[in-house]
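Listed below are the residues making up each chain.
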Amino acid sequence: MSDIIVIGGGIAGLSAAARLSADAQVTVLEQESSTGYHASGRSAALYEENYGLPSTVALNTASKSYHYEANGGYLSPRGFLIVAQADEQEAYETDRATLGLDAISIDRACAFVPILNRANLAFAGYHPDALDIDTDRLMQDFIRMLKTNGGRVVTKSPVTAVTRTADGWRVTAGGVDYTCATLVNAAGAWADRIAQMAGIPPLGITPHRRSMARIPAPSGHDVAQWPLFFGVGETWYAKPDAGALIVSPAEEDPVEPHDAWADDMVLAEGIARYENMVSAPVTRLLASWAGLRSFAPDRALVLGPDPNDATFFWCAGQGGYGFQTAPAASQLVADLVMGRSPALAPELVTQLTPDRFNP
């Protein structure tokens with residue numbers, strides 16, 4: 001018997017399990033053959049402190065020192081550039097204020113990204129403190145922490161039943177029964193389904209598809225030092241990736257939980273919006289894929305005990321912010337599971353715990 005079972009081997013589940021393993025015997029159950037298979041393996045891997053709702057920004061800020069300092073740090077310079085046409089000024093000003101970007105000249109924007117189309121570019125904003133996250137090393141270090149403390153990760157273990165027992169929970173996964181005193185639901189897009197198996201009311205966690213394409217470096221440019229650049233209202237974005245560019249239409253289409261794939265029409269529309277702001281057309285794709293960003297109805301993360309059963313904990317609704325919030329979010333989950341006073345401000349904890357859905 002484990003003290004705690006964590007369902008879900010993405011960054012949310014792995015980080016929470018690692019934190020909990022200092023005080024408990026922890027088992028992570030992952031349905032796929034490897035950890036980080038779904039949303040975590042398809043992340044844009046960016047740390048932008050000002051990105052998200054106020055509660056998300058607060059978690060980003062609380063996670064900053066860990067990202068910078070733990071195990072030598074996980075961040076490297078990238079930068080964040082917004083570009084807009086003349087008729088998009090209002091949306092540009094809103095995004096610039098929300099994200100804390102400095103207005104920059106067209107010449108400076110084109111120095112950052114030489115393929116920008118000057119004929120269509122009217123406004124630009126820049127923030128130097130957007131950073132790449134070494135997502136694979138972050139996940140592997142959390143796994144190492146978990147295993148060093150005696151915990152384990154069991155892959156190829158899709159959960160088929162969750163039963164309340166007299167002294168905790170019995171979870172059937174991959175044909176094997178596991179028991180624990182406390183259950184942590186970090187199942188991402190499947191979080192509501194896990195809750196329903198356990199007899200816990202679902203919270204309305206809804207996965208949303210985001211498609212992506214990898215294209216060759218435009219016109220032979222070295223893109224390594226380019227910032228992430230995107231259109232106002234996040235209608236598309238492009239990010240350097242291993243000598244190529246990732247281009248996304250940045251859509252958020254609600255879907256059922258599944259192994260996501262790119263929607264060709266949505267991808268084509270997003271690439272067209274990208275092409276409108278650059279001078280180098282997209283002539284071929286190197287690859288395409290999609291990930292699922294799962295949101296609660298209010299789009300804030302859900303971290304803490306379910307109001308119907310204090311032994312069932314939610315660690316869900318990361319909505320694309322999983323990596324950048326992981327250090328602080330996982331510590332909050334661990335503090336709440338272990339009955340400690342959280343380091344985060346009480347008003348922030350109130351915005352994140354599931355009690356907010358039952359005023």
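Residues numbered from 1 in each chain as written. Predicted model: local features only at pLDDT ≥ 70, side-chain atom pairs only at ≥ 80, totals over all residues. Heavy atoms only, no water.

Engineer: I'd like a description of the pairing of strand β16 (residues 244-248), backed by residues and values.
Structural biologist: Most of β16 is tucked away, with five of its five residues classed as buried. Neither face of β16 is left uncovered, since the one carrying Ala244, Ile246 and Ser248 and the one carrying Leu245 and Val247 both have all their residues buried. Bridge count between strand β15 (residues 237-241) and β16: five bridges; the pairing is antiparallel. Residue proline 240 lies in a different strand from β16, and its bridge partner there is leucine 245. (Buried < 20%, exposed > 50% of the residue type's maximum accessible area, 1.4 Å probe, protein only. Helix = DSSP H or I, 4+ residues; strand = E, 2+ residues; numbered from the N terminus. Pairing = 2+ DSSP bridges.)

Engineer: Describe in detail unusual backbone geometry, supporting the description with residues and values.
Structural biologist: As a rule of thumb, non-glycine residues mostly have phi less than zero, and peptide bonds are mostly trans rather than cis. A positive phi angle, near 50 degrees, is found at serine 219, a position not held by glycine. Assignment of secondary structure puts serine 219 in the loop between β13 (206-216) and β14 (228-231). Even without being a glycine, glutamate 234 presents a positive backbone phi close to 50 degrees. Checked against the element boundaries, glutamate 234 lands in the loop between β14 and β15. Using a relative accessible area of 24% as the deciding quantity, one classes glutamate 234 as partly exposed.

Engineer: Would you mind going over empty space enclosed by the protein in detail, with residue names and values included?
Structural biologist: In this approach the atoms are scanned with a rolling probe the size of a water molecule, which exposes any empty space left behind. Using the criterion set out here, one finds one cavity of 30 Å³ or more in the structure. Of the pockets and cavities examined, the largest cavity occupies roughly 40 Å³. In terms of lining residues, the largest cavity is bounded by Ala12, Ser15, Leu301, Cys315, Gln318, Gly322, Thr325, Ala326, Ala329 and Ser330. For the lining of the largest cavity, the element with the highest residue contribution is helix α8 (residues 322-337), accounting for five residues. Within the lining of the largest cavity, the residues separate by chemical class into five nonpolar, five polar and no charged. (1 Å grid on protein atoms, 1.4 Å probe; cavity = no way out; pocket = protein on both sides within 12 Å on 5 of 7 lines; lining within 4 Å. Points joined across faces, edges and corners; volume = space filled by probe spheres on them. Nonpolar A, V, L, I, M, F, W, Y, C, P; charged D, E, K, R; others polar.)

Engineer: Explain the environment of phenylalanine 142 to me, using residue names and the numbers behind them.
Structural biologist: Residue position: phenylalanine 142 is located in helix α5 (residues 135-148). The buried category is assigned to phenylalanine 142, whose relative accessible area is 1%. Residues phenylalanine 142 and isoleucine 11, spaced 131 residues apart in sequence, show a C-alpha to C-alpha distance of 8.5 Å. The contacts of phenylalanine 142, once residues within four sequence positions are left out, are Ile11, Leu14, Ser15, Ala18 and Tyr66. (Contact = heavy atoms within 4.5 Å.)

In short, shape yes, function no, at least from these values alone.
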